[in-house]
Amino acid sequence: DPTTPDPVTYRTVHDSEEIERIILERNARHYSQSQETPFGHEPLHTLLGSDGTSDLSEAILNGTYRPLLNPDSVSPETLLMLDQLKRSDAPPISPDNSYTDFTEGIRKWPESTSTSPSNRHLGHLKSILLHAATDPCAATIMHAHHTMLRLAVLRARPFERWCVDLEVMLEKDPGKPFLHRLRIICLYEADYNLYLKLMWAKRLVHHAEDHHKLGEEQGGSRPGRTAIDIANRKALTYFYTRLTKTSLGTFDNDAKSCYDRIIASLALIASRALGMPEVACSIHGQTIEKMKHFIKTAQGTSTSYYSNEHEGPLFGSGQGSGGSLPLWLITWVALSNALSSVMTGMSFCSPDSSNSTSRNNDGFVDDTTGGVNDATLSTPLSPTELAARLQKQAQLWKRLLFASGGRLELPKCFYYLIVWKWTDGEATMMSIEELNASISLTCGADPNPIPIAHKEVHISHKTLGTQMNPPGIMTTETNRLKAKASIIAASIERFEGPNGKPNSSIPPATRTA
């Protein structure tokens, strides 16, 4: 990782065997990141198991796990997180899937999706399905595929071909294939990934929504919710603070490699707590545990692979898996519930106090904004008190995330402190110099605190597709949209018809907008 204080020298590699070796080693290290966390190493790693069905898993679900753990070796934040994984009152979900579920899943899945290292890819299933209505042989083959899937699931015995994935490396910075800036996309067998989509992305998420188990703080990976909903909530929080002239501290943070640090056994326990059947979790966990990871580059598919058996323990559910987004969602919700069980950061009420609401976070997938305020307190918080409360909340959130296998990307984190000063009856937000307050967080097992970047309130930050700041000054966002609109307008202006003349169907006013 080149993020070091020392100068970094890059070298270009062309030899296909060396490329294969380097990428395999890098990917194995990447999926080993959670080894530093409580359930990433012994003794808790083995005690928890791989699929959420161990004795400790059952005790966690029943709320009787504490006698099985050494209290001196488990952090309070880990216990706080495990308390939230107790089995809920949501009814169980069926592990089975009907022929209609199977065929509709195939029908709706875009054929352009890359799947199946075994080459039994989605296009084959779609082709069979296309003829199944009129060709008895095709219908028989399709029913056979469905029956094989059901047998594997209900007997909790994954096919060997399910336990192979193909990893494609995408450049985060196009044209700059730096090793540390490659995103790993995993290609899984089509029928296995379809089952994950049906059970986790469809059934579990909708089941949890129907029984009100996901709360209101996370907006990602949920039906009917978008990034702009969370951005609007954040903007309204700033607006409320400006209207009421109350103090607010916000901590914007990003979870590092969120899907690739998921500890599957913990996420599967969280799944079972919401009604996912044991057999579905077992086959999901077994497949992840037995997975052989091959890579594919411009030189072709690697002949070597890495695995839990040789390079483990490995973690993560894989970007490209139909279960990754729901697993992260329910893990995040469990952590949010753990935080809310011990503190409330932000509280808001109507002018007559007849309506009120409170929360700690605004999250969209791995982007989270935590906050504390004094809107409902009888005595306003000083800048030092506000910073102390925000640091307490941020530190607890970081430790909860670490307990689950995650980690904050601290260089990307920052915070605002909004405190008002009055001059001749006019209120303005204090500058960083006037506030004279700061926050620092410890990271992982390192006891040394790391200072977090403090932004001036008038400096905008990019969040969920927009630019905003606490005072509500939209100059940066307006300039961004103007530049974007100018590019679009120039593209329209350059468009010409087949006769070489400007497209007359586009009104002049539109072309020069």
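So, a few notes on the structure that sits alongside this text. (Residues numbered from 1 in each chain as written. Predicted model: local features only at pLDDT ≥ 70, side-chain atom pairs only at ≥ 80, totals over all residues. Heavy atoms only, no water.)

1. So, the sheet that holds strand 9 (residues 361-364)
Counted only if it meets this: Two strands qualify as a pair provided DSSP detects at least 2 bridges between them. Comment: elements are numbered from the N terminus, with helices defined as DSSP H or I runs of at least four residues and strands as E runs of at least two. Every residue pair with non-hydrogen atoms within 4.5 Å of one another is taken to be in contact. Axis geometry follows a simple rule: fit a line to the C-alpha atoms, using only the stretch in contact for helices, then measure angles between N-to-C directions, giving values from 0 to 180 degrees.
Pairing is mixed in the open sheet, where 5 strands are placed in the order 9-10-3-11-16. On the outer flanks of this sheet lie strand 9 and strand 16 (453-454), each paired with one strand and no other. As defined by bridge partners, strand 3 (residues 248-254) adjoins strand 11 (residues 414-418) across 5 bridges and the pair is classed as antiparallel. The residue bridging aspartate 252 from the neighbouring strand is phenylalanine 414, located in strand 11. Taken strand by strand, helix 9 (residues 227-244) contacts strand 3, strand 9, strand 10 (367-373) and strand 11, and its axis lies near 155 degrees from that of strand 9. Against the sheet, helix 14 (residues 383-403) makes contact with strand 3, strand 9, strand 10 and strand 11, and its axis sits at roughly 145 degrees relative to strand 10, the strand it touches most.

2. Thoughts on the pattern of salt bridges
The condition that has to hold: In what follows, salt bridge is the name for a side-chain nitrogen of Lys or Arg lying within 4 Å of a carboxyl oxygen of Asp or Glu.
In total, this model carries 25 salt bridges according to the counting rule given. Put simply, arginine 107 and glutamate 104 hold a salt bridge, and the shortest N to O gap is 2.9 Å. Here glutamate 104 and arginine 107 lie together in helix 5 (residues 99-108), a separation of 3 residues that amounts to about one turn. Several salt bridges converge on common partners, so that one network encompasses Arg11, Glu18, Arg21 and Glu25.

3. Re the side chain of aspartate 165
Where we set the bar: For every residue, the accessible area (1.4 Å probe, protein chains only) is compared with the maximum for its type, and the residue is labelled buried under 20%, exposed over 50%, or partly exposed between those bounds. Under the convention used here, Asp and Glu are negative, Lys and Arg are positive, and both His and the chain ends fall outside the count.
Structurally, the position occupied by aspartate 165 is in strand 1 (residues 164-171). Notably, aspartate 165 is buried but unbridged: the nearest opposite-charge side chain belongs to lysine 292, and the N-O separation is 11 Å. Excluding its chain neighbours within four sequence positions, the residues that come into contact with aspartate 165 are Pro117, Cys186, Leu187, Tyr188, Met291, Lys292, His293 and Phe294.

4. A look at helix 10 (residues 264-273)
Here helix 10 lies mainly inside the structure; 10 of its 10 residues are buried. Looking at helix 10, one finds that the buried residues are Ala264, Ser265, Leu266, Ala267, Leu268, Ile269, Ala270, Ser271, Arg272 and Ala273. One or two steps after helix 10, the chain reaches glycine 275, where phi turns positive at roughly 115 degrees.

5. So, the packing of helix 10 against helix 13 (residues 324-340)
Note the cut-off: Should an angle lie under 35 degrees it is considered roughly parallel, over 145 roughly antiparallel, and from 65 to 115 roughly perpendicular; all remaining angles are considered oblique. Charged residues are taken to be Asp, Glu, Lys and Arg, nonpolar residues to be Ala, Val, Leu, Ile, Met, Phe, Trp, Tyr, Cys and Pro, and polar residues to be all remaining types, Gly included.
Where helix 10 meets helix 13, the axes come as close as 9 Å, and the angle between the chain directions of the two elements is 80 degrees. By the angle between their directions, the pair helix 10 and helix 13 is classed as roughly perpendicular. Residues Ala267, Leu268, Ala270 and Ser271 of helix 10 form the contact with helix 13, whose participating residues are Leu327, Ile330 and Thr331. Classifying every residue of the contact of helix 10 with helix 13 by side-chain character gives 5 nonpolar, 2 polar and no charged.

6. Description of the environment of leucine 151
Along the chain, leucine 151 falls in helix 7 (residues 136-154). Judged by relative accessible area, which is 46%, leucine 151 ranks as partly exposed. Distance from leucine 151 to glutamate 456, taken between C-alpha atoms, is 59 Å for residues 305 residues apart in sequence.

7. Structural notes on the packing of aromatic side chains
What counts here: Classification of ring pairs rests on two measures: the distance between centres of Phe, Tyr or Trp rings, Trp counted by its six-membered ring, which must be within 6.5 Å, and the angle between planes, read as stacked under 30 degrees, edge-to-face over 60 and tilted in between. Distance and angle both matter: a charge sits over a ring if NZ of Lys or CZ of Arg is within 6 Å of the ring centre and within 35 degrees of the ring normal.
Counted according to the given criterion, the structure contains 9 aromatic pairs. Here the aromatic rings of phenylalanine 294 and tyrosine 305 are separated by 5.1 Å at their centres, their planes lie at 45 degrees, and the arrangement is tilted. Of this pair, phenylalanine 294 sits in strand 4 (residues 292-297) while tyrosine 305 sits in the loop between strand 5 (300-301) and strand 6 (306-307), and the two are 11 residues apart along the sequence. Here phenylalanine 294 falls in the buried class, since its relative accessible area comes to 17%. One aromatic cluster is present, built from ring pairs that chain together Phe159, Trp162, Tyr188 and Tyr192. Residue placement shows lysine 197 over the ring face of tryptophan 109; its charged tip is 4.0 Å from the ring centre.

8. Some remarks on the side chain of arginine 26
Mapping arginine 26 onto the fold places it in helix 1 (residues 16-30). No salt bridge forms around the buried arginine 26; measuring N to O, its nearest opposite-charge neighbour aspartate 260 is 7.1 Å away. Ignoring any residue separated from it by four or fewer positions in sequence, one finds arginine 26 in contact with Met169, Leu179, His180, Leu182 and Ile184.

9. Notes on the pairing of strand 3
With 7 of 7 residues buried, strand 3 is to be regarded as a mostly interior element. Burial along strand 3 is two-sided: Leu248, Thr250, Asp252 and Asp254 facing one way and Gly249, Phe251 and Asn253 facing the other are all buried. When strand 3 meets strand 10, the two strands line up antiparallel, connected through 7 bridges. Its bridge partner lying in strand 10, leucine 248 is registered against asparagine 373.

10. Describing the state of the cysteines
Formally: The disulfide definition used here is simple: a pair of cysteine sulfur atoms within 2.5 Å.
Scanning the entire structure with this criterion turns up 0 disulfides. Free cysteine: cysteine 258, not disulfide-bonded; nearest cysteine sulfur from cysteine 186 at 13 Å.

11. Quick look at helix 8 (residues 190-210)
Let me state the cut-off plainly: Helix span, expected: 1.5 Å multiplied by one less than the number of residues in the helix. Bend at a given residue is defined as the angle between two axes, one fitted to the seven residues that end at that position and one fitted to the seven that begin there.
Taking 1.5 Å of rise per residue, 21 residues should cover 30 Å, and helix 8 covers 28 Å from first to last C-alpha, within 8% of that figure. For helix 8, the principal kink sits at arginine 203 and spans about 30 degrees. Burial analysis of helix 8 places 15 of its 21 residues in the buried class, the great majority of the element.

12. Some details on a nonpolar patch on the surface
As a reminder of what qualifies: Exposure above 30% relative accessible area and no salt bridge define the residues that can form patches, which grow by joining like charges within 9 Å and nonpolar side chains of Val, Leu, Ile, Met, Phe, Trp and Tyr within 5 Å. Surface accessibility follows the Shrake-Rupley procedure with a 1.4 Å probe radius. Residue values consider only the protein chains on display as shielding.
Taken together, the side chains of Leu236, Phe239 and Leu243 present a nonpolar region at the surface, about 330 Å² in accessible area. Inspection of the secondary structure puts leucine 243 in helix 9.

13. Things to note about unusual backbone geometry
Cis geometry is adopted by the peptide bond preceding proline 43, which originates at glutamate 42 and carries an omega value of 5 degrees. Despite not being glycine, asparagine 436 has its phi angle at roughly 50 degrees, a positive value. If you trace the backbone, asparagine 436 turns up in the loop between helix 15 (432-435) and strand 14 (440-443). Positive phi, close to 50 degrees, is recorded for leucine 464, a residue that is not glycine. Within the fold, leucine 464 resides in the loop between strand 17 (461-463) and strand 18 (466-468).

14. Quick word on the packing of helix 3 (residues 55-62) against helix 10
This is how it is decided: Crossing handedness is read from the near helix: turned anticlockwise from the far helix by less than a right angle, it gives a left-handed crossing, and turned clockwise, a right-handed one.
Between helix 3 and helix 10, the shortest axis-to-axis distance is 10 Å and the interhelical angle comes to 45 degrees. With respect to helix 10, the element helix 3 is oriented oblique. As helix 3 packs across helix 10, the resulting crossing turns out to be right-handed. Of helix 10, the residues touching helix 3 (which contributes Ser57, Glu58, Ile60 and Leu61) are Ile269, Arg272 and Ala273. Residue classes in the contact of helix 3 with helix 10 are distributed as 4 nonpolar, 1 polar and 2 charged.

Worth remembering: the numbers are spatial, not functional.
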